[in-house]
Each structure stands twice: as structure tokens, then as C-alpha cells.
Amino acid sequence: MLWASVVLSVVGCGGKKDITAYMTSKEHFAYAMKYFNKKNYLKAQEQFSLISYRHSGSEIADDAQFYLAESYFLDKDYVSASSEYDRLVTAFPRSEFVEKALYRLAVSYYELSPHYALDQKFTYDALNAAQNFMDLYRNSEHYADVEKIFKNIRSKLANKDYMNATVYRKISEYEAAIAYYDIVIAEHYESSFVPEARFWKGYCYFRLKEYQKASLTLQRFIDDFPLKKDLVNDALELLEDIRKLTDHGGERGVTVSKGR
């Protein structure tokens, strides 16, 4: 190839020079891919970045942008990878790599998603990216993987809201706890936290002495989740406590079940 002779002449001149300076865009891309295929991702990143700068209007510009993102992704630098995948989708919306880039974008954000107790910016980014992919590529080979990511993220966010409710309940901030239980029930209706949220919402109403709301909430919980035996028994005890309170107009003689 032409660039090979150029490389030899440059090297023969003695100093360390940029051997890609006289390469065509395709020659430079082939050179960068050698590093990529050898899993030398740092060198590959350098070369793909250089191609994107020098040959931004060429026919291989989107190829270079995609493999730049891939170099970061395979090197597990998910912050940089997500940025480069996003740049590809924005700059080259008709590229053949868009589907794969959107898939990798969802995976990158998911890898960056922290424990539920920490800030969830990347978690929400992953949720949006996964939803976007599923909306656009229902027949994709990656659909099942992205759907799994989506469900895991939803579960994590439900867990976060449920634990927030639990914290408020344990410090007797019952109104705040109810607000978070309502979020779990309304926004995470498919999650495994909903039955417990429904029960504890009724319990919080009981603690606030809003006995009518407590009764309705607890009875609906019993009707909807009869297999939750332990919580159903607790709910029945609370309903009995409420009956005694409302029958006698006071709290004397009523004992809240152990463990609450």
C-alpha cells in the first residue's frame, strides 16, 4: 500500500513522526483497527479520535466514531463510551451502527448505575436509553437483553422508593412514608414491593389515627394479597384494633402488634 512506503520513508528519516499524516481516511481506519483487533484499546482510542478529527466528513467517519465508542466500552470506561455512543447517534442518525450504539448506550448506563441508596442519575439515563431502544427496535436480537435491563432498573428504583418509605415510617414520619408508598404503588405497580407497600400504607394511616382510611387500605390489601399470610394476619389484628377503638372511642386496651 501507498501508506506503507510513506511510513518507511518517515521512519528512515530518523525522528519519531506521525506515520498517519499522509494516510487516506480508509488507510488510517485500517491502521486503527489493527490496534482494536489486538485489544490495544488505548492506542485504538487515540487513532479513532484522530480519524474523527481529520476525516470528519469522510465516508468512514461514522465507522471511526462507532469503534471509538467500542474501544472505550470494551475497556470498561463506560462514562466515555456512553458519551461517544451518544455522539454517534446524534451526529450520524442514519448510520448502520445506530442500533448497536443505542444498545451499548443502555448497557453502559446500566453498568454505571450505582447502589439504590446513591444518586440515581445514571439509573434514569439507563431507563430512558432502554425504553428508547425497545420503542425503536422491537425485532432486534438485543431486545431481550435490553428488556431485562429495563426490568432490573425498574426494580432498583422501586426498591429505592420503598426504602425511603421505610426510613420515614421508622422515624414516625408517617405522612412522608405514605407519600413514598404511593409512589411504589402507582409508579412501580409491577414490582414485588407493592404488597408490602399496600400493607404499610394502611399501618401508617392507623398510626395517624385516620382509621377509616386505614380500614379501607388494609381490607383491600387482604382481598388482593391473601397469600401474604404473615402480613394478612397483621392486617387482621390492626383491623381488630381499629374496631375496638371506634367501638369504645378511645385507645385504652388496644395493643399494637409486636414488631411494629
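All values reported here derive from a predicted model rather than from experimental measurement. (Residues numbered from 1 in each chain as written. Predicted model: local features only at pLDDT ≥ 70, side-chain atom pairs only at ≥ 80, totals over all residues. Heavy atoms only, no water.)

Draft legend 1. Spatial organisation of the packing of helix 5 (residues 78-91) against helix 6 (residues 98-112). The interhelical angle for the contact between helix 5 and helix 6, taken along N-to-C directions, is 150°, at an axis separation of 9 Å. Between helix 5 and helix 6, the angle is such that the two are roughly antiparallel. Every pair of crossing elements has a handedness; the one defined by helix 5 and helix 6 is left-handed. Residues Tyr 78, Val 79, Ala 81, Ser 82, Tyr 85, Asp 86, Leu 88 and Val 89 of helix 5 lie in contact with helix 6, whose contacting residues are Val 98, Ala 101, Leu 102, Arg 104, Leu 105, Ser 108, Tyr 109, Glu 111 and Leu 112. Residues of the contact of helix 5 with helix 6, tallied by class, amount to 12 nonpolar, two polar and three charged. (Axes fitted to C-alpha atoms, helices over the stretch in contact; angles between N-to-C directions. Helix = DSSP H or I, 4+ residues; strand = E, 2+ residues; numbered from the N terminus. Parallel < 35°, antiparallel > 145°, perpendicular 65-115°, else oblique. Left-handed = near helix turned anticlockwise from the far one by under 90°. Contact = heavy atoms within 4.5 Å. Nonpolar A, V, L, I, M, F, W, Y, C, P; charged D, E, K, R; others polar.)

Draft legend 2. Spatial organisation of the environment of Asn 164. In this fold, Asn 164 is placed in helix 8 (residues 143-170). For Asn 164, a relative accessible area of 22% gives the class partly exposed. Asn 164 sits 15 residues away from Ala 179 along the chain, and the two C-alpha atoms are 9.8 Å apart. (Buried < 20%, exposed > 50% of the residue type's maximum accessible area, 1.4 Å probe, protein only.)

Draft legend 3. Examining the pattern of salt bridges more closely. A complete count under the given rule lists 12 salt bridges for this structure. Between Glu 70 and Arg 104 there is a salt bridge whose closest N-O contact spans 2.9 Å. Here Glu 70 is found in helix 4 (residues 61-74), whereas its partner Arg 104 is found in helix 6, with 34 residues between them in sequence. Neither Glu 70 nor Arg 104 differs from the other in exposure class; each is buried. (Salt bridge = Lys/Arg side-chain N within 4 Å of Asp/Glu carboxyl O.)

Draft legend 4. Spotlight on helix 3 (residues 41-54). Over its 14 residues, helix 3 runs 20 Å from end to end, which matches the ideal 20 Å to within 8%, given 1.5 Å per residue. Among the residues making up helix 3, those that are buried are Tyr 41, Ala 44, Gln 45, Gln 47, Phe 48 and Ile 51. Next to the buried residues of helix 3 lie helix 2 (25-37) and helix 4. (Expected span 1.5 Å × (residues − 1).)

Draft legend 5. Summary view of a nonpolar patch on the surface. On the surface, Val 167, Tyr 168 and Ile 171 cluster together to form a nonpolar patch covering roughly 270 Å² of accessible area. Looking at Ile 171, the relative accessible area reads 54%, which means it is exposed. (Patch = residues over 30% accessible without salt bridge, like charges linked within 9 Å, V, L, I, M, F, W, Y side chains within 5 Å. Areas by Shrake-Rupley, 256 points an atom, 1.4 Å probe, with all protein chains shown as cover.)

Draft legend 6. Focus on the packing of aromatic side chains. Under the defined criterion, the tally for this structure stands at 25 aromatic pairs. Ring geometry for Phe 36 and Tyr 41: centres 5.8 Å apart, planes at 70°, overall edge-to-face. Accessibility expressed as a relative area gives 11% for Phe 36, which makes it buried. The class for Tyr 41 is buried, based on a relative accessible area of 12%. Through successive ring pairs, a cluster of aromatic residues spans Phe 29, Phe 36, Tyr 41, Phe 48, Phe 66, Tyr 67, Phe 73, Tyr 78, Tyr 85 and Phe 97. One residue, Arg 169, lies across the ring of Trp 200, its end atom 3.6 Å from the ring centre. (Phe/Tyr/Trp six-rings, centres within 6.5 Å; stacked < 30°, edge-to-face > 60°. Lys NZ or Arg CZ within 6 Å of the ring centre and 35° of its normal.)

Draft legend 7. Expanded view of the confidence of the model for the protein. Averaged over the protein, the pLDDT score is 90; the fraction of residues at 70 or greater is 89%. For the protein, helix 1 (residues 2-12) is the element with the lowest average pLDDT, namely 39, and helix 6 is the one with the highest, namely 98. Below a pLDDT of 50 lies the segment residues 1-15, which in the model reaches 11 contacts outside its immediate sequence neighbourhood of four places, other chains included. (pLDDT = per-residue confidence, 0-100.)

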